[in-house]
Amino acid sequence: MSAAQVPFAIPTVFRIGPFAITETVVVTWGIMVLLVAFAALARVSSIHAKKGVLATLEQLYEAVEANIRAVIPERGGAAVLPFIATLWVFIAISNLSGVIPGLRSPTSDLSTTAALALLVFLYTHWFAVRYYGWRRYLRHYIDPSPLLTPFQIISEFSRSLTLAIRLYGNMMSLQLAAAIVIVLAGLLVPVPLLMLHVLEAVIQAYIFGMLALVYVAGSVASQDVHDRQKAGSL
Amino acid sequence: MTELGWFTIASTIVAGLAIAIASIGPGLAMGRVISQALDSLARQPESEASITRMLFIGLAMIESLAIYVLVIVLVILFRNPLLANLLHK
């Protein structure tokens, strides 16, 4: 079986010493350059003058902010916004890049999604520690009862695993299904499937960011309840 | 039939059965989730935003069950680690 037929084999583009630079990495770099360049350009006033670009960006920002504020109100929401919004934008563009012929979306590689899930895992704990300090962060683990501590710890890891596998499985299976249909039916038949790809790409990006947000909020929300109980308002 | 032939047949049957069985549970669960969400939407249209949010998160959670099986099925079909035992015997 050739490498092209195996959905797991990601072709290596070139090598730097012992590191194989795969297609995933190259496409990711491309997306990063694109996003950073666009962000830098959008700050230039001549582009600001184009109302369409500005209005689109503002609407995007407002939608993201409204979504985040619905889950984490007040100062916590403003603090997580850069991270979650970056996740959303990056994953959406990555997922959508799979629609372009010849490109393989970076998120259909388990390495990318695992890296993203690892980031979310680290960020969740870092955020909880930064906002509530070590004592209250650790108290979160024995919160209802110390008997549940092992389960709390297991759930921390299992949800990161599912976060990675979910995005990877969805994007990889979409790409695989598209490839199979193209082999079977040729030119125009895969078009509905590609439309599904576009829809699914956006939904999966939304879900990934939303779950990351809920995980971050989870460490904050239980703390807030704790605080209010202590203050006697609950 | 050769051992490799049996291996191929077994892998194919198992892969098909696995994904078929694995679709049943999430399918039923998603149906329930969506019907409940529509029910709550009909009762309280004003809480649409939070219902939709929870609906998507819940669907993602349920869907991931089927996707675990899909990943395992693809491993069985394309990258079966047990195949090495058979080939290098």
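Residues numbered from 1 in each chain as written. Chains lettered and ligands numbered in written order. Predicted model: local features only at pLDDT ≥ 70, side-chain atom pairs only at ≥ 80, totals over all residues.

A.B. asks: Any chance you could explain the packing of helix H3 (residues 51–71) of chain A against helix H4 (residues 74–97) of chain A here in plain terms?
C.D. replies: Geometrically, a packed helix pair is captured by the angle between its two axes and the distance between the axes. All names here are of chain A. One can describe the packing of H3 onto H4 by two numbers: an axis separation of 10 Å at closest approach and a directional angle of 125 degrees. In terms of orientation, H3 and H4 fall into the oblique class. Crossing geometry of H3 relative to H4 is assigned as right-handed. Of the residues in H4, those touching H3 at Val64, Glu65, Ile68 and Arg69 are Gly77, Val80, Leu81, Ile84, Ala85 and Trp88. Class assignment of the residues belonging to the contact of H3 with H4 gives a composition of seven nonpolar, one polar and two charged. (Axes fitted to C-alpha atoms, helices over the stretch in contact; angles between N-to-C directions. Helix = DSSP H or I, 4+ residues; strand = E, 2+ residues; numbered from the N terminus. Parallel < 35°, antiparallel > 145°, perpendicular 65-115°, else oblique. Left-handed = near helix turned anticlockwise from the far one by under 90°. Contact = placed C-beta atoms within 7 Å. Nonpolar A, V, L, I, M, F, W, Y, C, P; charged D, E, K, R; others polar.)

A.B. asks: Help me understand helix H2 (residues 48–78) of chain B in this model?
C.D. replies: One turn of the α-helix equals 3.6 residues, which is why residues spaced by three or four share an orientation. Residues and elements named next belong to chain B. The first and last C-alpha atoms of H2 sit 43 Å apart over 31 residues, in line with the 45 Å expected at 1.5 Å per residue. Roughly 30 degrees is the biggest bend found in H2, and it falls at Leu65. Residues of H2 that are buried include every one of Ala60, Ser64, Ala66, Ile67 and Leu70, and no others. (Expected span 1.5 Å × (residues − 1). Bend = angle between axes of the 7 residues up to and from the residue. Buried ≥ 20, exposed ≤ 12 C-beta atoms within 10 Å, placed from the backbone.)

A.B. asks: What am I meant to see in the pairing of strand S2 (residues 19–22) of chain A here?
C.D. replies: The two faces of a sheet get side chains in turn, since along a regular strand they alternate between them. Residue and element names in this part refer to chain A. Of the pairings in the sheet, the one linking strand S1 (residues 12–16) to S2 comprises four bridges and is antiparallel in character. Looking at S2, one finds that Ile16 is bridged to Phe19. Counted between consecutive antiparallel strands, the loop separating S1 from S2 contains two residues, among which Gly17 sits at a positive phi close to 60 degrees. (Pairing = 2+ DSSP bridges.)

A.B. asks: Sorry, what's going on with the confidence of the model for chain A here?
C.D. replies: Here chain A averages 81 in pLDDT, while 87% of its residues score no lower than 70. Across chain A, element-level confidence peaks in helix H1 (residues 23–43) of chain A with a mean pLDDT of 88 and bottoms out in helix H2 (residues 45–49) of chain A with 62. (pLDDT = per-residue confidence, 0-100.)

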